[in-house]
Amino acid sequence: DAGVIQSPRHEVTEMGQEVTLRCKPISGHDYLFWYRQTMMRGLELLIYFNNNVPIDDSGMPEDRFSAKMPNASFSTLKIQPSEPRDSAVYFCASSSHSRGANYGYTFGSGTRLTVV
Amino acid sequence: GDSVTQMEGPVTLSEEAFLTINCTYTATGYPSLFWYVQYPGEGLQLLLKATKADDKGSNKGFEATYRKETTSFHLEKGSVQVSDSAVYFCALIPSGTNAGKSTFGDGTTLTVKP
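Undergrad: I keep staring at the state of the cysteines and nothing clicks. Help me out?
TA: Residues and elements named next belong to chain A. Here the structure, examined in full by the defined rule, presents two disulfides over all chains. There is a disulfide in this structure between C23 and C92, and the S-S distance comes to 1.9 Å. Torsion about the S-S bond of the C23 and C92 cystine: about -65 degrees, corresponding to left-handed handedness. Here C92 lies in strand β9 (residues 88–95) and C23 lies in strand β3 (residues 19–24), a separation of 69 residues in the sequence.

Undergrad: Where do I start with the interface of chain A and chain B in this structure?
TA: Interfaces are often described in size by the accessible area the parts lose on coming together. Of the residues lining the interface, 18 residues belong to chain A; the matching set on chain B comes to 17 residues. Of the roughly 1,400 Å² buried between chain A and chain B on both sides combined, carbon and sulfur atoms contribute 56%. Taken together, chain A and chain B are joined by zero salt bridges. Remark: the boundary between chain A and chain B carries three residue pairs in polar contact (both at pLDDT 80 or more). Sorting the residues of the side of chain A that touches chain B by element identifies β4 (31–38) and β5 (42–50) of chain A as the ones contributing at least two each. Counting residues per element, the side of chain A that touches chain B draws most heavily on β4 of chain A, which supplies four residues. Looking at the side of chain A that touches chain B residue by residue, the classes come out as 10 nonpolar, six polar and two charged.

What counts as what
- Residues numbered from 1 in each chain as written.
- Chains lettered and ligands numbered in written order.
- Predicted model: local features only at pLDDT ≥ 70, side-chain atom pairs only at ≥ 80, totals over all residues.
- Heavy atoms only, no water.
- Disulfide = S-S within 2.5 Å.
- Helix = DSSP H or I, 4+ residues; strand = E, 2+ residues; numbered from the N terminus.
- Contact = heavy atoms within 4.5 Å.
- Buried area = accessible area lost by both parts, 1.4 Å probe.
- Salt bridge = Lys/Arg side-chain N within 4 Å of Asp/Glu carboxyl O.
- Polar contact = N/O pair within 3.5 Å; in protein donor to acceptor, adjacent residues only side chain to side chain.
- Nonpolar A, V, L, I, M, F, W, Y, C, P; charged D, E, K, R; others polar.

Scope: geometric values only; no functional claims are made or implied.
Laid out in C-alpha cells, this is it:
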C-alpha cells in the first residue's frame, strides 16, 4: 500500500485565493482526519469522517474552511478565501476501527501551505 | 474529557544515553495508547501501541508499558542514537462509541548529540 497520499506537498498562494488540499486514504480505512500543525498551536484536529460522513467539524476555524469526502478514496479540504494566518502544514490521516480494535493512525506527508 | 499530558521539552541527550519521555492520560474506560514519532519535514508515524493494561508496546528499541494504576505510558529507550532526534507524541483512542478519534499530547522534541 502506498500509504496516505496528500497533494500538493507545497502550496504558495496569495491572500484571498481559494486553496484546495487533497487526500487519498488507505484503502479499507473507515476513518479520515484532517489536522493542522503550526509552531504556535501545535497539532489541531479540524474535522473527521467515518464512512465518508463528517462526524465532528468543531475544529474547523471558520466558515472559510470546508471539507468533503465524496467517496471512500478521496477527501478535500478547501479554504476560501485564504488568509496569511492559514499558513501551516495540513495533514490527512486515516485509520481502521473494526471488531473493537483500533490500530492507530497513518498520516500523510502533509501539505505545507504558505499564504502571502 | 480525555486528555494526554507529556513531559515538556525540549530534551537533549548525548548518544547512547537512556531516554524516558513521560506521558500520563485521563480517560474513561480502557483506551488504547500510542506513541508517534515525527521526523523533520514528515508526517507523524506510528511508533508503538498498547491496547490493554500491562501490555508493552515495542519497536526500534523503544518500549512503553500501559500502566492502568498510574494512568501512564512512558516511552523509554536504552541507548539513543542521533537518528532518534525527532518530535514524539503520546496519544490515546478511547474505547466505546467514540472510538475513532485520538487525543494527542503536545509533543516532546528530542535532540541527540554525537
